[in-house]
Amino acid sequence: MAAPSTEPGEALAELSRIRLNEMSLEDVLRRVAELANQAVPGSAHVTVTLAQGGHNSSAACTSDLARDLDEWQYRHERGPCLDAAASAASISLPDIAAEERWPEWAAHAREAGIGSSLSIGLPIQEAVTGALNLYGLAAHAFDSAAARTAENFAAYAAVALANAHLYDNAATLARQMQEAMRSRAVIEQAKGIVMGERRCSAEEAFALLSKLSQDTNRRVREVAETLVANAAGN
């Protein structure tokens, strides 16, 4: 069993120092995978699976081989990483050659040079689940101590991933709100121009903008922007 290149305590400490306002969700996931690969004895490849709305994806991986092992499971809709994500449980395959629960995937993994695997469910949110998947080159690569290290790491990783996901959602919502505010501002400007030119009410001005939107197959905001630009050019 290979010794970890990073002590588990050091890896957990680094994970706790991740600043979500300075890293994208993708960067956080990538760092989680890298640290897990460095900290867990016996690990040769690591992926992070995210499952949301019936869609599964390898949000981060340390190698193309690891990504391929996960994507086989996504295509066939079965495998240890999917079961771990769905159940938030730890699933160990100590000897891929003797695996009977997922024989087709096990054969694929064995051909790729994998001797054992360990998948640990990450309960991130109700709508989002995941799994930390570790692949070893030899059979029985993960002893009980390595499994405990992986599970302890996954507990910290789940918190980091949940916070990253919440932060990413919050940032997206903030961008959407800013966009909505800009749209409202330009529409209000356009309404004011129409009201001044036609001596009509705000409701009538908006009705006119809506009709122009329908007639030209453009969004109301685009119609408003054109009207405001034309008015500014006159």
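Refer to the structure printed above.
Residue numbers here run from 1 along each chain, matching the order of that chain's written sequence. Local features in this predicted model are restricted to residues whose pLDDT is 70 or higher, and side-chain atom pairs enter the listing and the counts only when it is 80 or higher, whereas totals over whole chains, interfaces and linings include all residues. Side-chain measures were taken over the full set of non-hydrogen atoms in the model, leaving aside hydrogen atoms and water.

Draft legend 1. Expanded view of the pattern of salt bridges. Criterion for a salt bridge: a side-chain nitrogen of Lys or Arg within 4 Å of a carboxyl oxygen of Asp or Glu. Under the criterion given, the structure shown has nine salt bridges. Between Glu222 and Arg219 there is a salt bridge, and its shortest N-O distance comes to 3.5 Å. Taken together, the shared-partner salt bridges in this structure form one network comprising Glu14, Arg31 and Glu34.

Draft legend 2. Region of interest: the packing of aromatic side chains. Side-chain rings of Phe, Tyr and Trp, where Trp is taken by its six-membered ring, are said to pair if the distance between their centres is within 6.5 Å; with planes under 30 degrees apart they count as stacked, over 60 as edge-to-face, and otherwise as tilted. This model, assessed by the stated rule, comprises one aromatic pair. Relative to Tyr135, the ring of Trp105 lies with its centre 6.2 Å away and its plane at 40 degrees, an arrangement referred to as tilted. Here Trp105, found in helix 5 (residues 103-111), pairs with Tyr135, found in strand 5 (residues 128-136); they are 30 residues apart in sequence, far enough to count as distant. Note on accessibility: Trp105 and Tyr135 belong to one class, buried. Strands here mean DSSP runs of E at least two residues long; helices mean DSSP runs of H or I at least four residues long; both are numbered from the N terminus. Burial status follows relative accessibility: with a 1.4 Å probe on protein chains alone, a residue under 20% of its type maximum counts as buried, one over 50% as exposed, and anything between as partly exposed.

Draft legend 3. Main features of helix 4 (residues 80-87). Of the positions making up helix 4, those classed as buried are Pro80, Cys81, Leu82, Ala84 and Ala85. Ala88 sits one or two positions beyond helix 4 and adopts a positive phi of about 55 degrees.

Draft legend 4. Representation of the nonpolar core in the model. Grouping buried Ala, Val, Leu, Ile, Met, Phe, Trp, Tyr and Cys residues that are joined through side-chain atoms within 4.5 Å yields what is termed a nonpolar core. Leu15, Val32, Val48, Leu132, Leu134 and Phe153 are the most contacted members of the largest nonpolar core, which has 33 residues in total. Mapped by element, the contributors of at least two residues to this core are helix 1 (8-16), helix 2 (25-39), strand 1 (45-52), strand 4 (116-123), strand 5 and helix 6 (144-198). Top element by residues in this core is helix 6. It accounts for nine residues. A contact between two residues is defined here by any heavy atoms of the two lying within 4.5 Å. Excluding residues within four positions of it along the chain, Phe153 makes contact with Ala11, Leu12, Leu15, Val32, Leu35, Ala36 and Leu132. Judged by nonpolar contacts, the second largest core, of 15 residues, contains Trp72, Ile91, Leu93 and Ala131.

Draft legend 5. Layout of helix 7 (residues 202-216). Expected helix span is taken as 1.5 Å per residue step, with the number of steps being one fewer than the number of residues. Here helix 7 is 15 residues long and its end C-alpha atoms lie 21 Å apart, about the 21 Å a rise of 1.5 Å per residue gives. Directly beyond the C-terminal end of helix 7, a positive phi value near 55 degrees is found at Asn217.

Draft legend 6. Structural view of the packing of helix 7 against helix 8 (residues 220-233). Interaxial angle, 0 to 180 degrees, is taken between N-to-C directions of lines fitted to C-alpha atoms, where a helix line uses only the stretch in contact. The contact between helix 7 and helix 8 brings their axes to 8 Å, and the two run at 105 degrees. As far as their axial angle goes, helix 8 and helix 7 are roughly perpendicular. Taken together, the residues of helix 8 that come into contact with helix 7 (itself represented by Phe206, Leu209, Ser210, Leu212, Ser213 and Thr216) are Val220, Val223 and Leu227. Each residue is assigned to one of three groups, with Ala, Val, Leu, Ile, Met, Phe, Trp, Tyr, Cys and Pro labelled nonpolar, Asp, Glu, Lys and Arg labelled charged, and all others, Gly among them, labelled polar. Considering only residue class, the contact of helix 7 with helix 8 consists of six nonpolar, three polar and no charged. The scheme is simple: roughly parallel for angles under 35 degrees, roughly antiparallel for over 145, roughly perpendicular for 65 to 115, oblique for anything else.

Draft legend 7. Geometry of the packing of helix 3 (residues 64-76) against helix 5. Look at helix 3 against helix 5: their axes get within 10 Å of each other, and the N-to-C directions meet at 160 degrees. Compared by their axis directions, helix 3 and helix 5 come out roughly antiparallel. The chirality of how helix 3 crosses helix 5 is right-handed. Contacts from Asp68, Leu69, Trp72 and Gln73 of helix 3 reach helix 5 at Glu104, Trp105, His108 and Ala109. When the residues that make up the contact of helix 3 with helix 5 are grouped by side-chain class, the tally is four nonpolar, two polar and two charged. Two helices that cross are described as forming a left-handed crossing if the nearer one is turned anticlockwise from the farther one by less than a right angle, and a right-handed crossing if clockwise.

Draft legend 8. Focus on the environment of Thr6. One can find Thr6 in the segment before helix 1. Under the relative-accessibility criterion, Thr6 is labelled buried at 14%. Spatially, the C-alpha atom of Thr6 lies 61 Å from that of Ala232, the residues being 226 residues apart in sequence. In contact with Thr6, not counting residues within four places along its chain, are Ala11, Gln38 and Ala39.

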